[in-house]
Amino acid sequence: MKNIVVLVSGGGTNLQALIDAQESGAIQNGRITCVISSKEDAYALTRARRHGIKTRVLQRKSYENTDLYSEAMRRALDEEQADLVVYAGFMTILGSAVTTPYENKMINVHPSLIPSFCGKGYYGLHVHSAVLERGVKITGATVHFVNAVCDGGPIILQKATEVKSGDTPELLQKRVMEQCEWVILPKAVSLFCEDKIKVEGNKTILL
Ligand code: GAR
């Protein structure tokens with residue numbers, strides 16, 4: 001049974017999707033053992049506590065820079081004996097102190113079809129605003145491994161949805177979450193825990 005540690009910063013609807021999947025038996029061979037938040041007031045913490053999941057707060061603002069924060073995060077992940085680390089709306093970039101020892105053990109859900117609308121500055125509603133601004137007709141979500149390149153690691157799963165006329169960033173975010181993120185994140189977590197993801201260079205093969 002793999003220990004899954006979920007990193008959060010905000011509302012935690014993706015965490016909720018993982019908790020629901022766990023409770024319905026959709027996650028094979030893994031369980032969420034700890035939720036770590038970069039913000040002490042993140043609603044995601046309430047969701048975790050309601051389901052009896054251990055929580056920790058590691059505030060980004062308590063550390064002078066990314067390197068010191070990353071060191072502290074690595075220590076926390078080691079203490080939790082994390083086999084899989086899931087960024088679920090985690091809005092802080094971590095440095096090599098984490099990305100190197102946890103290479104191919106950390107996954108992120110991003111609210112666009114990578115390589116479109118990703119990288120520095122593309123997070124949360126900004127992504128959906130940029131999608132509407134560009135006028136693309138299809139968008140979606142991507143689950144990928146985290147490496148040193150922001151949103152650049154091997155892609156595990158993607159799912160698309162339509163952009164509709166009259167969409168606002170908020171409406172589009174809701175559709176992408178409901179139809180894409182909440183579907184592919186639990187699926188990718190289960191695939192990982194079942195050892196069904198093989199990484200070859202910057203690609204994955206699903207077994
Ligand atoms: C989600 O849409 C997630 O994909 C996005 O932030 C939202 C968090 O919602 N993450 C990023 O943009 C990371 N680059 P949640 O806290 O309700 O899961």
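The structure this text deals with has already been given above.
Conventions used here
- Sequence positions are assigned chain by chain, starting from 1 and proceeding in written order.
- In view of the model being predicted, local features appear only for residues whose pLDDT reaches at least 70, and side-chain atom pairs are presented and counted only at 80 or more, with totals across whole chains, interfaces and linings using the full set of residues.
- Processing note: side-chain calculations cover all non-hydrogen atoms of the structure and skip hydrogens and water entirely.
- Numbered from the N terminus, helices here are DSSP runs of H or I no shorter than four residues, and strands are runs of E no shorter than two.
- Each radius of gyration is computed over the set of C-alpha atoms, and the globule rule expresses the reference value as 2.2 Å times the number of residues to the power 0.38.
- Only protein chains enter the accessibility calculation, which uses a 1.4 Å probe; a residue whose area is less than 20% of its type maximum is buried, one above 50% is exposed, and one in between is partly exposed.
- Residues are treated as being in contact if the distance between any of their heavy atoms lies within 4.5 Å.
- All accessible areas in this document rest on Shrake-Rupley with a 1.4 Å probe, and a residue is counted as covered only by the protein chains that are shown.
- In this tally Asp and Glu are treated as negative and Lys and Arg as positive; neither His nor the chain ends contributes.
- Just so you know, the charge point we use is NZ for Lys, CZ for Arg, CG for Asp and CD for Glu.
- Proximity is defined per residue: if any heavy atom of the residue lies within 4 Å of a molecule or strand, that residue is considered near it.
- Within 3.5 Å is the distance limit for a polar contact, defined as a pair of N or O atoms, with the added protein rule that one can donate a hydrogen and the other accept it, and that residues adjacent in sequence qualify only through two side-chain atoms.
- Residue polarity is assigned by list, with Asp, Glu, Lys and Arg as charged and Ala, Val, Leu, Ile, Met, Phe, Trp, Tyr, Cys and Pro as nonpolar; anything else, Gly included, falls into the polar class.
- For two strands to be treated as a pair, DSSP must find at least two bridges joining them.
- Geometry is summarised by axes, namely lines fitted to C-alpha atoms with helices restricted to the contacting stretch, and by angles between N-to-C directions that run from 0 to 180 degrees.
- Multiplying one less than the number of residues by 1.5 Å gives the expected span of a helix.
- Directions pointing from the helix axis toward each C-beta atom define the arc.
- Each Phe, Tyr or Trp ring (for Trp, its six-membered ring) is paired with any other whose centre lies within 6.5 Å, and the angle between the two planes then decides the class: stacked below 30 degrees, edge-to-face above 60, tilted in between.

Colleague: Got a sec to walk through the overall build of the chain? Specific residues and values, please.
Modeller: Helix and strand content of the chain: 6 helices and 9 strands. Over its C-alpha trace the chain gives a radius of gyration of 16 Å, about what one expects of a compact globule, namely 17 Å for 207 residues. Burial statistics for the chain: of 207 residues in total, 49% are counted as buried. The contacts of the chain with a sequence gap of at least 6 include a subset with a gap of at least 24, amounting to 64%. For the chain, the accessible surface area stands at approximately 10,000 Å², while carbon and sulfur atoms represent 49% of it. Measuring between centres, the 24 positive side-chain charges of the chain sit 2 Å from its 22 negative side-chain charges.

Colleague: Talk me through the environment of Ile36; I want residue IDs and the actual numbers.
Modeller: For Ile36, the location among the structural elements is in strand β2 (residues 30-37). On the accessibility criterion, Ile36 (0% relative accessible area) is buried. With 28 residues separating them along the chain, Ile36 and Val8 place their C-alpha atoms 6.3 Å apart. Those residues in contact with Ile36 that sit more than four places away from it in its chain are Val5, Val6, Leu7, Val8, Arg56, Leu58, Met73, Ala76 and Leu77.

Colleague: Give me the lowdown on the site of the ligand, citing residues and values where you can.
Modeller: Taken together, 14 residues sit near the ligand, with Gly12, Thr13, Asn14, Gly124 and Glu181 positioned nearest. Taking Gly11, its main chain carries an N or O atom lying 3.5 Å from an oxygen atom of the ligand. Here an oxygen atom of the ligand and a backbone polar atom of Gly124 are 2.8 Å apart. Starting from 450 Å² of accessible surface for the ligand in isolation, the protein chains cover 92%. Residue assignment for the shell around the ligand shows that the elements contributing at least two residues are α1 (13-23), β5 (106-110) and α6 (169-193). Across the shell around the ligand, the residue classes break down as 6 nonpolar, 7 polar and 1 charged.

Colleague: So what about the sheet that holds strand β4 (residues 84-87)? Which residues, and what values?
Modeller: If you walk across this open sheet you meet the 7 strands as β3-β2-β1-β4-β5-β6-β7, and the pairing is mixed. Each end of this open sheet is capped by a strand with a single partner; those strands are β3 (55-57) and β7 (155-162). Ignoring strand direction, the axes of neighbouring strands in this sheet form an average angle of 20°. Across the sheet, α6 touches β1 (2-8), β2, β4, β5, β6 (138-145) and β7, and the angle it forms with β7 is around 155°.

Colleague: Tell me about helix α3 (residues 66-79), residues and numbers included.
Modeller: When the terminal C-alpha atoms of α3 are compared, their 20 Å separation across 14 residues agrees well with the 20 Å that a helix rising 1.5 Å per residue should span. Within the span of α3, buried status applies to Tyr69, Ser70, Ala72, Met73, Ala76 and Leu77. Seen along its axis, α3 keeps its buried residues to an arc of 165°; they face one direction. Pointing more than 90 degrees away from the buried face of α3 are the exposed residues Asp67 and Glu79. Looking at where α3 begins, the residue whose side-chain oxygen comes 3.1 Å from the main-chain nitrogen of Asp67 is Asn65. A positive phi of about 50° marks Gln81, the residue just after α3.

Colleague: Tell me about the packing of aromatic side chains, and please be specific about residues and values.
Modeller: Evaluated as defined, the whole model comprises 4 aromatic pairs. Ring centres of Tyr63 and Tyr69 lie 5.5 Å apart, and the angle between their planes is 65°; this geometry places the pair in the edge-to-face category. Here Tyr63 falls in the partly exposed class, since its relative accessible area comes to 26%. Residue Tyr69 is classed as buried on the basis of its relative accessible area, which comes to 0%.

Colleague: Before we move on, could you go through the pairing of β4 and cite the residues and values that matter?
Modeller: Because side chains alternate across β4, one face comprises the buried residues Leu84 and Val86, and the other comprises Val85 and Tyr87, equally buried. Sheet analysis places β1 next to β4, joined by 4 bridges and oriented parallel. Of the residues in β4, the one forming a bridge with Val6 is Val86. Sheet topology places β4 next to β5; 3 bridges connect them, and they run parallel. Residue pairing across strands places Val85 opposite Met106, the latter belonging to β5.

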